[in-house]
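# A look at the structure
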Amino acid sequence: MTKTQAAKFSSYNRIVNFLFAYSALFTGLVRLLKCATDFKAAFTALKVLLPSSTATKSSPATIIKNRDFGKMIDSILSLANRAYLFAVDTTNETLLATFQVEKNDFYLLVEAEKILLAQNILAALNTNSTALIAGYDITSAELTTAGADITVVQNLIASPSTIIGSNKTSNEEIEEAFKLVDSTVFLLEKSIYGRFKSGVSAKLSLISNFDSAKKLRGLTKHTALLANIVNAANEPLLGVLIEIDINGLIKSAITNLLGIAEIEKFIPGTYNVTYSAPGYISQTIPTTFTLGDTHEVSVILLNVI
């Protein structure tokens, strides 16, 4: 499998996870659901081809995935346990059910469902973040870290477990299968953008998540930062200033309507990255950048009280 194919394969898996997360919202959208079905069918056909020319198993990828899923679960459980006290104090039955979660609740689920459960808990945490930070020993940094942990496993979900060999006929079939999946992604994009990118049904947070799912990662040849900034309600923030202090030299960018900004082409190293916007509490996060890699981060900015 080429580097581009591996990047596409990972993006396809994130799109599957995206479709699962938004399945309730998509109910009744006949043409969109057909696009989703066609995409899943083409992707399934591609995956059937891959093991036929397997050379070796990529066990380190599985080890990394298990480690990162464990980290996500631990961080969410830690926050949920403390937030449960808030649910008790406010006698909120919905939050009591949301925050009453144990490790076994995650391990009984498939990967996509584990991520969805973590996202639902984090959304409840973010919605009540002001009270949780004020009186329940939860910090904004912990909420940001939990969001980042979820992003990490979204990027790893069902990553390729095989390395494709050099059989010419098989590789040609695989190339055609990739082209077919790409064509279904194009139609799915038209359907989702047409419904949710503008107009009365616009949902910018959904579009942001879809764009993040589609993005081909691991293909950059220069050091970069890709940031996704949201507020406590998990809504993308426009106009957030992001600054990287590179030994006194400041490189900056401002988030777009989808809450996304990218800073590219700088010397790798560990630098302070500051995220700030009027009316929000600024955050400065030490971040390590590796040569040739895009460092992706999700940051939650909280309103100034």
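For the structure, see preceding data.
Residues numbered from 1 in each chain as written. Predicted model: local features only at pLDDT ≥ 70, side-chain atom pairs only at ≥ 80, totals over all residues. Heavy atoms only, no water.

A word on the overall build of the chain. For the chain, the count of helices and strands is 10 helices and 9 strands. Burial status across the chain gives 42% buried among its 305 residues. Across the chain, the fraction of contacts at a sequence separation of at least 24, relative to all contacts at a separation of at least 6, is 67%. Put simply, the chain shows about 15200 Å² of open surface, and 58% of that area lies on carbon and sulfur atoms. (Helix = DSSP H or I, 4+ residues; strand = E, 2+ residues; numbered from the N terminus. Buried < 20%, exposed > 50% of the residue type's maximum accessible area, 1.4 Å probe, protein only. Contact = heavy atoms within 4.5 Å. Areas by Shrake-Rupley, 256 points an atom, 1.4 Å probe, with all protein chains shown as cover.)

Before going further, it helps to spend a moment on helix α1 (residues 3–21). If you check α1, its first and last C-alpha atoms are 27 Å apart, about what 19 residues at 1.5 Å a residue would give, namely 27 Å. For α1, the set of buried residues is Gln-5, Ala-7, Phe-9, Ser-10, Ser-11, Tyr-12, Asn-13, Arg-14, Ile-15, Asn-17, Phe-18 and Leu-19. (Expected span 1.5 Å × (residues − 1).)

Two side chains bearing opposite charge may form a pair once their charged atoms approach each other closely. Tallying each qualifying case throughout the model produces 9 salt bridges. A salt bridge links Lys-8 to Asp-182, with the nearest nitrogen and oxygen atoms 2.6 Å apart. Taken together, the residues span a long stretch of sequence, with Lys-8 in helix α1 and Asp-182 in helix α9 (residues 168–196) at a distance of 174 residues. For Asp-38, the salt bridge is made with Lys-34, and the minimal N-O distance between the two is 2.9 Å. A residue pair is termed a helical-turn pair when its members lie 3 or 4 positions apart in one helix, as Asp-38 and Lys-34 do in helix α2 (residues 30–49) at 4 residues. Connected via shared salt-bridge partners are Glu-189, Asp-211 and Lys-214. (Salt bridge = Lys/Arg side-chain N within 4 Å of Asp/Glu carboxyl O.)

Below, the discussion takes up the sheet that holds strand β9 (residues 294–300). In spatial order, the strands read β6-β3-β9; together these 3 strands make up an open sheet with mixed pairing. Sheet topology places β6 (260–264) and β9 at the edges, where each strand pairs with a single neighbour. Pairwise comparison of adjacent strand axes, ignoring direction, gives a mean angle of 15 degrees for this sheet. Bridge count between strand β3 (residues 224–230) and β6: 5 bridges; the pairing is antiparallel. Its bridge partner being in β6, Ala-227 is matched across the sheet by Ala-261. (Pairing = 2+ DSSP bridges. Axes fitted to C-alpha atoms, helices over the stretch in contact; angles between N-to-C directions.)

The next subject is the packing of aromatic side chains. Think of a pair of aromatic rings as described by two things: how far the centres are apart, and how the planes are tilted against each other in angle. Tallying each qualifying case throughout the model produces 14 aromatic pairs. Relative to Phe-210, the ring of Phe-18 lies with its centre 5.2 Å away and its plane at 40 degrees, an arrangement referred to as tilted. Of this pair, Phe-18 sits in helix α1 while Phe-210 is found in helix α10 (residues 204–214), placing the two residues 192 residues apart along the sequence. Grouping residues by exposure puts Phe-18 and Phe-210 together as buried. On the numbers, 5.5 Å between centres and 80 degrees between planes, the contact of Phe-86 with Tyr-136 is edge-to-face. Of this pair, Phe-86 sits in helix α3 (residues 59–89) while Tyr-136 sits in the loop between α7 (129–135) and α8 (140–156), placing them 50 residues apart in sequence. (Phe/Tyr/Trp six-rings, centres within 6.5 Å; stacked < 30°, edge-to-face > 60°.)

This part takes up the sheet that holds strand β5 (residues 249–254). Taken together, the 4 strands give an open sheet; going across it, the order is β5-β4-β7-β8, and neighbouring strands pair in antiparallel fashion. Single-partner strands in this sheet number two, and they are β5 and β8 (283–289). Taking the axes of each pair of neighbouring strands and ignoring which way they run, one obtains an average angle of 25 degrees across the sheet. In this structure, strand β4 (residues 241–246) lies alongside β5, joined through 6 bridges in antiparallel fashion.

As a further point, take the environment of Lys-103. By the secondary structure assignment, Lys-103 is in helix α5 (residues 103–107). We classify Lys-103 as partly exposed; its relative accessible area is 33%. With 29 residues separating them in the primary sequence, Lys-103 and Asp-74 have C-alpha atoms 8.0 Å apart. In contact with Lys-103, other than residues within four places in its own chain, are Ile-73, Asp-74 and Leu-77.

At a minimum axis separation of 7 Å, α1 and α10 run at an interaxial angle of 155 degrees. In terms of orientation, α1 and α10 fall into the roughly antiparallel class. Here α1 contributes Ser-11, Arg-14, Ile-15 and Phe-18 to the contact with α10, which in turn contributes Leu-206, Asn-209, Phe-210, Ser-212, Ala-213 and Lys-214. Looking at the contact of α1 with α10 residue by residue, the class counts come to 5 nonpolar, 3 polar and 2 charged. (Parallel < 35°, antiparallel > 145°, perpendicular 65-115°, else oblique. Nonpolar A, V, L, I, M, F, W, Y, C, P; charged D, E, K, R; others polar.)

Right, let's talk about the pairing of β3 for a bit. For a regular strand, side chains alternate in direction, first toward one face of the sheet and then toward the other. Most of β3 is tucked away, with 7 of its 7 residues classed as buried. By the alternation rule, side chains of β3 split into Ala-224, Leu-226, Asn-228 and Val-230 and Leu-225, Ala-227 and Ile-229, which are all buried. Examined bridge by bridge, β3 and β9 share 7 bridges and lie parallel to one another. Across the sheet, the residue bridging to Ile-229 is Val-299, located in β9.

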